[in-house]
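Residue-level structural notes
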Amino acid sequence: MSVSVDVRNLSITFGAGPTAVKVLPDVSFSVKPGECFGLVGESGSGKSTVLRCLSMLTDFWQGDILLDGQSVRQLPLIARCRMLQMVFQDPYGSLHPRQSVRTVLHEPLAIHGLDDREARMRRALTDVGLPVSFLDRFPHQLSGGQRQRIAIARALILEPSLLLLDEPTSALDVSVQAEILNLLQRLREERGFTYLLVTHDLAVVDHMCDRFAVMQRGEVTEILPREAIADNHASHPYARELIAASLAYEGVRPATARA
Amino acid sequence: MSPILEVENLKVRYAGATSDAVRGISFTLGRERLGIVGESGSGKSTVGRALLKLLPGATISADRLRFEDIDLNGLSERQMLSVRGRRMSMILQDPKFSLNPIRRVGDQVAETYLRHFDVSRSAARERALAMLAAVKIRDPERVYGQYPHEISGGMGQRVMIAMMLLADPDLVIADEPTSALDVTVRLQVLDILDGLVRERGIGLIMISHDLNLVRNFCDRVLIMYAGRVVETLSAADLDHAEHPYTRGLLAAQPRIGGPRRPLAVLDRKPDWLEEKA
């Protein structure tokens, strides 16, 4: 139950004629079923926008996005939500402060008319490594890592096959990040999800992803395999600079650096 | 050389809290770069703010809290005003929130100088422009007249550094100075800060959750856990840390070129809470 993703000439333009502003000039990439694909780049490079286009949270784009060969625009809302789900960056902002975990997890089940709700909610919590008793907690009674687990449980409860992860660990401590990354790895092994992971941390990409795209000013400058990071095999100057900066920051001196 | 800062048994309790957020930490700081690392909630930022007495309502107590020739312990708020920003200053995390959005960048930088020195506006402007140039802002005249929303995050953080170093303090506390910045910009900003701190012989306390940052930009590191210092190390020896908490933090970090095994997860021992380094 995993899907392929094909993004072709995705672009966003405001206005028309000579004054038109292209905020996302042209993005194309494809992700194989079951792959973990990373999107990296500096802030404002359009990585999160791509995820928002894929999930139709932003719908004024041109081009094609195909999930398993089907255009995401043609997919009815209900089917789309069953196929893809998103996990947002900040678990402090993405959970409603006045809603209990039970309310948060129950809502998608009610919308989609799924039965066996109690069992599904329990299973979702167990899947993300939280005790079932957490169903009756509110977000302020949870730590940052626990909140992000709830956000992941909410994404999992509709049994999607594609998870869009928008900087899922950048608001968390390294120790908690490790727990969430391990959880995501394990879920992928168990369920064969396709992941699209937006991050600015190349160490996370190296740990999680098979391939990744380096974005700059709304364009994909280069698509690289994970192995290209350690020795900085990028050929585009910006991708090289980004990888070199990450390596320097980690204190790793690449053996073949020509920078 | 005598230390710039001596802290002994510092305790901080927030108003209405039932326990201390910082539970008796001690350290001294010379003309060096000291890193304080720990997870969120470990009390590292509270320590930085307590030194500047930026914690309204909180109770700060210490057996000794000495900054150069001043005993911070007995200082009134009025006396503190002549220390804060002049001899000891703080660089905050996110320039988006720490710059006043409706005032020109340059005026905000010059304000520090006007406040602490008896100079004319034009002299303060000159100093501010020179300082903006020192943090490698290419066109200081233009940036001086801009508003915070017109400059990028990296430039904003350089403006913050300029503002904090303008009065030529002896101690700078940097609270997560680069965690809001992109990795490519982060190194430039850190290099600028590092260069200025070395050049002027300023003591630096770098508060961060990022072990890579303190490893590369500090001389010595304090590791904090639950309001206490569990281990003090020289930054070069970080990999040889002995405390299981420090080792756990290091192991939890994904590394470029590392094995793709599941990452080590911290197994928090209750007795860490009572340990003291």
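Residues numbered from 1 in each chain as written. Chains lettered and ligands numbered in written order. Predicted model: local features only at pLDDT ≥ 70, side-chain atom pairs only at ≥ 80, totals over all residues. Heavy atoms only, no water.

The grouping of Phe14, Val21, Val23 and Phe60 of chain A at the surface amounts to a nonpolar patch, some 360 Å² of accessible area in total. Among the residues examined, Val21 of chain A registers a relative accessible area of 46% and is labelled partly exposed. (Patch = residues over 30% accessible without salt bridge, like charges linked within 9 Å, V, L, I, M, F, W, Y side chains within 5 Å. Areas by Shrake-Rupley, 256 points an atom, 1.4 Å probe, with all protein chains shown as cover. Salt bridge = Lys/Arg side-chain N within 4 Å of Asp/Glu carboxyl O. Buried < 20%, exposed > 50% of the residue type's maximum accessible area, 1.4 Å probe, protein only.)

A common way to state how big an interface is: give the accessible area lost once the parts meet. Listed as interface residues are 33 residues of chain A and, on the opposing side, 30 residues of chain B. When residues of chain A are sorted by the area they lose upon contact with chain B, Val174, His207 and Tyr249 of chain A head the list and together hold 28% of the total. Our count for the chain A to chain B interface comes out at 0 salt bridges. Linking chain A with chain B are 13 residue pairs in polar contact (both at pLDDT 80 or more). (Contact = heavy atoms within 4.5 Å. Buried area = accessible area lost by both parts, 1.4 Å probe. Polar contact = N/O pair within 3.5 Å; in protein donor to acceptor, adjacent residues only side chain to side chain.)

For the structure on display, the rule yields 28 salt bridges over all chains. Residue Arg102 of chain A is joined to Glu118 of chain A by a salt bridge in which the shortest nitrogen-to-oxygen separation is 3.1 Å. Of the two residues, Arg102 of chain A is situated in helix α3 (residues 101-111) and Glu118 of chain A in helix α4 (residues 117-127); the sequence distance between them amounts to 16 residues. Note that Glu111 of chain B is salt-bridged to Arg103 of chain B, the shortest N-O span being 2.9 Å. Arg103 of chain B gets classed as partly exposed once you look at its relative accessible area, which sits at 31%. Beyond isolated ion pairs, a larger network of salt bridges with shared partners links Arg82, Asp115, Arg120 and Glu159 of chain A. (Helix = DSSP H or I, 4+ residues; strand = E, 2+ residues; numbered from the N terminus.)

In this section: helix α1 (residues 44-51) of chain B. All names here are of chain B. Here α1 lies mainly inside the structure; 6 of its 8 residues are buried. For α1, the set of buried residues is Lys44, Thr46, Val47, Gly48, Ala50 and Leu51. Directly after α1, the chain includes Lys53, whose backbone phi takes a positive value near 55°.

As a further point, take the packing of aromatic side chains. Residue and element names in this part refer to chain A. The tally for this structure, following the rule as stated, stands at 7 aromatic pairs over all chains. Each ring, one from Phe29 and one from Phe37, has its centre 5.0 Å from the other, and the planes form 10°; the classification is stacked. Exposure remark for Phe29: the relative accessible area of 4% places this residue in the buried category. Residue classification places Phe37 among the buried positions, given a relative accessible area of 0%. Consider the rings of Phe193 and Tyr195, whose centres lie 6.1 Å apart with planes at 20°: the pair is stacked. Classification of Phe193 as buried rests on a relative accessible area of 1%. (Phe/Tyr/Trp six-rings, centres within 6.5 Å; stacked < 30°, edge-to-face > 60°.)

In terms of nonpolar packing, the biggest core is built from 119 residues, with Ile152, Tyr195, Leu202, Met208 and Phe212 of chain A touching the most fellow members. No other element matches helix α8 (residues 183-200) of chain B, which puts 9 residues into this core. Tyr195 of chain A has contacts with Glu35, Cys36, Phe37, Leu163, Leu165, Leu184, Leu187, Arg188 and Met208 of chain A, leaving out every residue within four places of it along the chain. Judged by nonpolar contacts, the second largest core, of 34 residues, contains Ile25, Phe27, Val47 and Met90 of chain B. (Core = buried A, V, L, I, M, F, W, Y, C linked by side-chain atoms within 4.5 Å.)

With that settled, consider the UniProt feature "domain: ABC transporter" (unreviewed entry) in chain A. Residues given the UniProt feature "domain: ABC transporter" (unreviewed entry) here are residues 7-242 of chain A. Secondary structure across residues 7-242 of chain A comprises 34% helix and 25% strand; the distance between its end C-alpha atoms is 23 Å. (UniProt positions renumbered as here; feature names shortened; annotations may be inferred.)

Our next topic: the pairing of strand β2 (residues 22-29) of chain B. Residue and element names in this part refer to chain B. With 6 of its 8 residues buried, β2 lies for the most part within the structure. Bridging between strand β1 (residues 5-13) and β2 involves 6 bridges; their strand directions are antiparallel. Each bridged residue has a counterpart across the sheet, and for Lys11 the counterpart in β2 is Arg23. (Pairing = 2+ DSSP bridges.)

Another point: the side chain of Thr169 of chain A. Residues and elements named next belong to chain A. Mapped onto the elements, Thr169 comes out in the loop between β7 (162-166) and α6 (174-191). Residue classification places Thr169 among the buried residues on the basis of a relative accessible area of 6%. Among the polar contacts made by the side chain of Thr169, one reaches the side chain of Gln177 at a distance of 3.0 Å. Sequence-distant contacts of Thr169, that is, excluding residues within four places in its chain, are made with Gln177, Ile180 and Leu181.

Residue and element names in this part refer to chain B. The mixed open sheet is built from 6 strands, whose spatial order is β7-β8-β9-β3-β10-β11. Two strands bound the open sheet, and with one partner strand each, they are β7 (88-91) and β11 (228-234). Here the strands of the sheet are splayed against their neighbours by 20° on average, with no regard to which way each runs. Pairing of strand β3 (residues 33-37) with strand β9 (residues 203-208), which is carried by 5 bridges, proceeds in the parallel orientation. Paired with Gly35 across the bridge in β9 is Met206. (Axes fitted to C-alpha atoms, helices over the stretch in contact; angles between N-to-C directions.)

We now examine helix α10 (residues 244-251) of chain B. Residue pairs spaced three or four apart in an α-helix point in one direction, given the helix's 3.6 residues per turn. Of the positions making up α10 of chain B, those classed as buried are Tyr245, Thr246, Gly248, Leu249 and Leu250 of chain B. Those residues of α10 of chain B that are buried are in contact with α6 of chain A together with α9 (211-217), β10 (220-225) and β11 of chain B.

A few words now on the UniProt feature "domain: ABC transporter" (unreviewed entry) in chain B. Under the present numbering, the feature "domain: ABC transporter" (unreviewed entry) in UniProt falls on residues 5-251 of chain B. A helix fraction of 38% and a strand fraction of 24% characterise residues 5-251 of chain B, whose end C-alpha atoms lie 32 Å from each other.

Remark: helix α8 (residues 237-250) of chain A packs on α8 of chain B, axes separated minimally by 8 Å, with the N-to-C direction vectors making an angle of 50°. Looking at the two axes, α8 of chain A sits oblique to α8 of chain B. In this structure, α8 of chain A meets α8 of chain B at a crossing whose hand is left-handed. The segment α8 of chain A lies against α8 of chain B, with Glu241, Leu242, Ala245, Ser246, Ala248 and Tyr249 of chain A engaging Val183, Thr184, Arg186, Leu187 and Leu190 of chain B. Counted by class, the contact of α8 of chain A with α8 of chain B contains 7 nonpolar, 2 polar and 2 charged residues. (Parallel < 35°, antiparallel > 145°, perpendicular 65-115°, else oblique. Left-handed = near helix turned anticlockwise from the far one by under 90°. Nonpolar A, V, L, I, M, F, W, Y, C, P; charged D, E, K, R; others polar.)

Before going further, it helps to spend a moment on the environment of Gly41 of chain A. Residue and element names in this part refer to chain A. Assignment of secondary structure puts Gly41 in strand β3 (residues 36-41). On the basis of relative accessible area, Gly41 is assigned to the buried category, the value being 4%. Along the primary structure Gly41 and Glu219 are separated by 178 residues, whereas in three dimensions their C-alpha atoms are 9.9 Å apart. Excluding residues that lie within four positions of it along the chain, Gly41 makes contacts with Lys47, Thr199, His200, Met215, Tyr238 and Leu242.

Another aspect to go through is the environment of Ile223 of chain A. All names here are of chain A. Mapped onto the elements, Ile223 comes out in strand β10 (residues 219-225). Here Ile223 falls in the partly exposed class, since its relative accessible area comes to 34%. Residues within four places of Ile223 in sequence aside, it is in contact with Ser28, Phe29, Phe37, Arg211, Phe212 and Ala213.

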